[in-house]
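A closer look at the structure
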Amino acid sequence: TDSLFGVGAYLSPAMMSAQYAALNTRPELPYTFTSRGPTFDGHLGVAFCAPGGAVAPVPAWTRNLKMQMNGTSMASPNACGAIALLLSAAKSHRLQYTPARVRRALENTARPLQNSTLFSQGRGLIQVDLAWQHLTTHHEEVAEDLAFSVQIARQGNARGFYLREATATERITESVVSVKPVFPKRTTTAARAQFQLRLQLETTQPWIRTAKHLLMHHGGSRFRVRIDPRQLPPGAHYGEVRMLSTDAPARGPLARVPVTVVIAEPLVPTT
């Protein structure tokens with residue numbers, strides 16, 4: 001569901017040394033057991049990551065004051081604490097916020113991990129200070145409070161493209177993507193009628209093509225996406241279509257269309 005955050009478990013060199021007594025630390029990376037995307041309907045799945053290990057108090061029946069705890073059970077409350085800081089600051093500054101605004105601030109300011117794929121880290125490691133700057137800098141811009149529903153008609157109204165069967169990866173896929181703004185229930189009819197958003201579309205991979213510009217009204221808009229995976233080498237490949245406000249592209253994407261392609265290794269006949 002789009003109403004939840006998928007939080008990956010992050011492990012830093014300092015955590016490796018202090019919490020796990022590692023002799024040889026490695027670059028920062030996700031835990032091996034943390035979940036990875038994409039989802040079955042093509043969504044990236046993981047929104048961002050947060051520290052996934054902690055020395056925490058435990059019940060008395062364990063005969064321990066504290067124990068080393070690991071997993072997304074640690075990463076999720078860490079992310080919740082970070083979000084609580086943002087909400088507390090927004091309330092103290094009388095700054096309007098919505099779930100969509102907070103999510104966008106977190107995803108557009110997360111720090112990407114250099115030694116990990118997007119499937120396990122999402123947008124990267126959560127950065128509370130930068131997320132707060134995003135909230136304060138862009139709080140008056142159009143559509144910042146809105147979420148956007150992305151659906152792909154030929155993929156069963158999926159939230160992204162997920163091509164992994166040979167029948168899909170050995171040909172060009174072209175489909176219509178529908179994007180619709182999701183207004184808060186309190187939005188008036190007049191405000192909906194006056195809504196207009198100019199978007200510029202960009203792709204992150206050369207094998208993904210789409211239009212350059214899009215004009216959106218309250219009922220949403222549609223555009224075509226063309227994916228040509230025929231020359232991709234074996235392995236998992238990810239790209240996306242990003243929708244940015246033409247008037248304020250610096251705030252980052254307002255919405256994304258994820259594209260995942262998995263090319264199988266060729267079978268080698270044996271004798």
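This text follows the structure it describes.
The present account deals with the structure reproduced in this document. All of these numbers come straight from a predicted model, not from anything done at the bench.

Attention shifts here to unusual backbone geometry. Of the consecutive residues glycine 37 and proline 38, the connecting peptide bond is found in the cis state with omega at 0 degrees. Along the chain, proline 38 falls in the loop between strand S2 (29-30) and strand S3 (48-51). One non-glycine residue, arginine 63, lies in the positive phi region at around 60 degrees. Within the secondary structure layout, arginine 63 lies in the loop between strand S4 (53-57) and strand S5 (66-70). Using a relative accessible area of 77% as the deciding quantity, one classes arginine 63 as exposed. Even without glycine at this site, arginine 94 takes up a positive phi of about 55 degrees. Tracing the backbone shows arginine 94 in the loop between helix H2 (72-92) and helix H3 (99-109). Looking at arginine 94, the relative accessible area reads 80%, which means it is exposed.

Right, let's get into the side chain of threonine 260. As for its position among the elements, threonine 260 is in strand S14 (residues 255-263). Given a relative accessible area of 1%, threonine 260 falls into the buried group. When sequence neighbours within four positions are dropped, the list of residues in contact with threonine 260 reads Pro38, Phe119, Phe161, Tyr162, Leu163, His237 and Tyr238.

Judged by nonpolar contacts, the single largest core of 31 residues is most densely connected at Phe148, Val177, Phe223, Met243 and Val257. Going through the elements one at a time, strand S6 (147-152), strand S7 (161-163), strand S8 (173-182), strand S9 (197-203), strand S11 (213-216), strand S12 (221-227), strand S13 (235-245) and S14 are the ones with two or more residues in this core. When residues of this core are assigned to their parent elements, the largest contribution, 5 residues, is made by S14. Core analysis: the next-biggest nonpolar cluster, separate from the first, contains 24 residues, Ala50, Ala105, Ala110 and Leu135 among them.

Because the α-helix completes a turn every 3.6 residues, residues three or four places apart line up on one side. Burial analysis of H3 places 9 of its 11 residues in the buried class, which makes it a mostly covered element. Turning to H3, its buried residues are Ala100, Arg101, Val102, Arg103, Arg104, Ala105, Leu106, Glu107 and Thr109. For H3, the elements touching its buried residues are S3, H2, helix H5 (128-137), S6 and S14.

What follows deals with the pairing of S12. Side-chain alternation along S12 places Ser221, Phe223, Val225 and Ile227 on a buried face and Arg222, Arg224 and Arg226 on a face that remains uncovered. Inspection of the sheet shows S8 paired to S12 by 7 bridges, in the antiparallel sense. Pairing of threonine 173 across the sheet is with isoleucine 227, part of S12. Looking at chain direction, strand S10 (residues 208-210) and S12 are connected through 3 bridges and run antiparallel. When the sheet's bridge partners are listed, threonine 210 is paired in S12 with valine 225.

Of the voids in this model, the second largest pocket is the one considered here, and its volume is about 290 Å³. Among the residues making up the lining of the second largest pocket, the classes are represented as 6 nonpolar, 3 polar and 6 charged.

Across the interface, H2 lies against H5 with an axial gap of 10 Å and an inter-helix angle of 35 degrees. As H2 packs across H5, the resulting crossing turns out to be right-handed. Every residue of H5 that contacts H2 at Ala82, Leu85, Leu86, Ala89 and Ala90 is listed here: Val128, Ala131, Trp132 and Leu135. Partitioning the contact of H2 with H5 into residue classes produces 9 nonpolar, no polar and no charged.

Here we come to the pattern of salt bridges. Scanning all chains against the criterion turns up 14 salt bridges. Between glutamate 107 and arginine 256 there is a salt bridge whose closest N-O contact spans 3.9 Å. Taken together, the residues span a long stretch of sequence, with glutamate 107 in helix H3 and arginine 256 in strand S14 at a distance of 149 residues. For glutamate 107, a relative accessible area of 15% puts it in the buried group.

Conventions used here
- Residues numbered from 1 in each chain as written.
- Predicted model: local features only at pLDDT ≥ 70, side-chain atom pairs only at ≥ 80, totals over all residues.
- Heavy atoms only, no water.
- Helix = DSSP H or I, 4+ residues; strand = E, 2+ residues; numbered from the N terminus.
- Buried < 20%, exposed > 50% of the residue type's maximum accessible area, 1.4 Å probe, protein only.
- Contact = heavy atoms within 4.5 Å.
- Core = buried A, V, L, I, M, F, W, Y, C linked by side-chain atoms within 4.5 Å.
- Pairing = 2+ DSSP bridges.
- 1 Å grid on protein atoms, 1.4 Å probe; cavity = no way out; pocket = protein on both sides within 12 Å on 5 of 7 lines; lining within 4 Å.
- Points joined across faces, edges and corners; volume = space filled by probe spheres on them.
- Nonpolar A, V, L, I, M, F, W, Y, C, P; charged D, E, K, R; others polar.
- Axes fitted to C-alpha atoms, helices over the stretch in contact; angles between N-to-C directions.
- Left-handed = near helix turned anticlockwise from the far one by under 90°.
- Salt bridge = Lys/Arg side-chain N within 4 Å of Asp/Glu carboxyl O.

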